[in-house]
Each structure stands twice: as C-alpha cells, then as structure tokens.
Amino acid sequence: DTATLWLRDGESLSVAAARGFEDDSALIGLSVAVEDSQLFREMAGSGRPICVPDVRLDARFPSLAEPERVSWLGIPLIVKGELSGVIAIDKAETGFYTEENLRAGTTFASQAAVALDNARLFEESERRAAQLDERSHRLGLLNRLSGALGASLDADYILKLTAQELLNALGVDRAAAIMVAGPDEPLFEASAEPALGASARFTLRTDVPEGDTALPLALPAIPLFSHLLESRGLFMTSEVQQEPDLAALLPLYLAPRNLTSLMVVPLLSGADLLGWLLLGSTREIRFSPQEMELARTISNQAATAIQD
C-alpha cells in the first residue's frame, strides 16, 4: 500500500521518496539516526531484510496509535558491504509478505542500490568537474586582472576595473569603493596609521555602474567603517535596512540603489588599510565562502596595485 525510500547520509537515514501516503511530499527529508532505530540498526548489522507480519505485536514498532497497515517489510540497500539505504513497504493485511515477495524485493533492492550508487558517483564526478572548471575560471580571472592592474599606475582606473570585475564575477548589482584618509591627507591617499584616529574621513570614490552621484563624494562618519578600521574584517548582511551601523549610508547610497544585501571587503596592502569595496545586490542573498575568498583575493590585488 505504501513504499518509502530511505537513503543514508553519514549516521542518519533520510526519506528520499515516498508513495501511497496522503501527502507523499510531507515525508521527504524526514531523518532518523541509524542508532535510534532498532530496525535500521539490525539491517545495518546483518545486511538482511526484516519482515514483520503484524507490527502491533512487534516491540520494535511504537504503539502510539492503531496502525492502518500492519504488515511491514524492510529491505536494506547494501553497497560494498555497507548500508546505503532502506526500502520500506507495508500492507493493510496481516502476514501479507511471503518468501517469494522477500526474494523479489531483495533482488530489486540489490539492483537499485547499484544504480543509486552509480548515480551518486556520477553526481560527485559532475560536481568535482564543475568545481575544477570554476577554479580554472577564477584562476584565469585573477591572472587576467593581475596583469591589467599591474599595467596601470592610475588609481581611479584600478578601482573602476576592480569593481567591474567583481560585478561580473559575483553577479551583484552594484560595486563601489570607499576610501579612508586621515585629517591632513588628500581624500584619496590613505594608509592605516593616520586613519586610525577619530578624525579619519571616508569618501565614495568609485561606483559601478555609474550613477548620478558626483564623485568623489565625502561621507559623514559611518560607524561600520569606524569599526572595520580596527578589525580589518569583512562584513556581510542580507538586510541593510536593519543594520544600525549603516544608517548614515542608507540615504546616501544604499536606498537610492535599492540594495538589500551587502558585502564589504577591505582593501588591504600589507598592514595598510586603504578603504573598502562595497558589493551590493537588490536581492536577498548570502555570499558563499568561495565568493568571499574570491572577493578578498581580488581586493588584495587591487590594494597592492593602488599602493604601487
């Protein structure tokens, strides 16, 4: 009457497919630790199916409610001697499953286990190929960008090129550069030591795609950047409207561009903090570790080129 396919992930089994229930989809993703189920433990240990003529008379089944189906058959999926999953089927009639059913089910489960393992290996191979392709693409991007940055001594060009490359690589909607300077420095020139004081100034130097704002634009004191001056860390949010430290930047930059998510990456050249790259999206997104690493690598290249 019903069938459930459980697949193993580590020490747990999760429902990957279900048929015959009132709402099959509601069961997908349901997870049980192998150690928490005596039935799963037994099948993992013996590699043999378990046939229960009447679950009401079997202590391995909880007796919380009167079951609709009383005959139960669990068939392990075994790959290389290990439990990789379980096919569980049940029937309303008592003692429904016969030795013939058991043999047929075991034969089918063996074929299914091999097919599922082949599919898993293929998916892993595809994923590794995609990762290698992505890594090659990123290396190509970094090599190309390094050459372009090293060929220029124009700081404004370096910032604009870096912003455009990050825009393309990360699929964000806006990329900007905010520079930091001490009280007696030009707004563009920057090094870490003079800027650490309370009199440090911030200026929006680059914005890609270009907007109506005249650049460079001197900015008021922004708490987030004051904090990042000391931490030299990376900042991310998917709710810019809810960040108190961004309140001063909201009307000046974030709100007019309808930005919802933001990643702020430091422009670091050795010990010198020159400013930050702002990478914004109009969608609610969370940047992956790989995207953060790529943004850091590109920003470091840009900072070194600017310092040169």
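Values in this document were obtained by computation on a predicted structure and should not be read as measured data. (Residues numbered from 1 in each chain as written. Predicted model: local features only at pLDDT ≥ 70, side-chain atom pairs only at ≥ 80, totals over all residues. Heavy atoms only, no water.)

**Description of the sheet that holds strand β3 (residues 31-33)**
And step 1. As summarised here, the arrangement of the 6 strands in space is β3-β2-β1-β6-β5-β4, forming an open sheet in which the pairing is antiparallel. Each of the sheet's edge strands pairs with one partner strand only, and the pair in question is β3 and β4 (50-52). Direction aside, neighbouring strands of the sheet carry axes that sit 20° apart on average.
And step 2. With 6 bridges joining them, strand β1 (residues 2-9) and strand β6 (residues 82-91) adopt antiparallel strand pairing. Counted as the bridge partner of Leu 7 is Gly 85 from β6.
And step 3. In this fold helix α1 (residues 38-46) packs onto β1, β2 (12-19), β3, β4, β5 (71-79) and β6, with an angle of close to 40° to the strand it touches most, β5. (Pairing = 2+ DSSP bridges. Helix = DSSP H or I, 4+ residues; strand = E, 2+ residues; numbered from the N terminus. Axes fitted to C-alpha atoms, helices over the stretch in contact; angles between N-to-C directions. Contact = heavy atoms within 4.5 Å.)

**Details of unusual backbone geometry**
And step 1. Between Val 208 and the following residue, Pro 209, the backbone shows a cis peptide bond with an omega angle of -10°.
And step 2. Mapped onto the elements, Pro 209 comes out in the loop between β8 (201-208) and β9 (217-219).
And step 3. Even without being a glycine, Arg 232 presents a positive backbone phi close to 55°.
And step 4. Relative to the elements of secondary structure, Arg 232 occurs in the loop between α5 (223-231) and β10 (235-237).
And step 5. A relative accessible area of 22% places Arg 232 in the partly exposed class.
And step 6. Even without glycine at this site, Asn 258 takes up a positive phi of about 55°. (Buried < 20%, exposed > 50% of the residue type's maximum accessible area, 1.4 Å probe, protein only.)

**As for the pattern of salt bridges**
And step 1. Per the counting criterion, the structure on display carries 15 salt bridges.
And step 2. The salt bridge involving Arg 120 is made with Asp 117; its shortest N-O contact spans 2.6 Å. Taken together, the residues Arg 120 and Asp 117, both in helix α2 (residues 99-150) and 3 residues apart, mark about one turn of the helix.
And step 3. Judged by its relative accessible area of 12%, Asp 117 falls in the buried class. (Salt bridge = Lys/Arg side-chain N within 4 Å of Asp/Glu carboxyl O.)

**Here's the deal with the confidence of the model for the chain**
And step 1. When pLDDT is averaged along the chain, the result is 85; 90% of the residues meet or exceed 70.
And step 2. Low pLDDT, under 50, characterises residues 183-198; the predicted model gives this stretch 39 contacts beyond four residues in sequence or across chains. (pLDDT = per-residue confidence, 0-100.)

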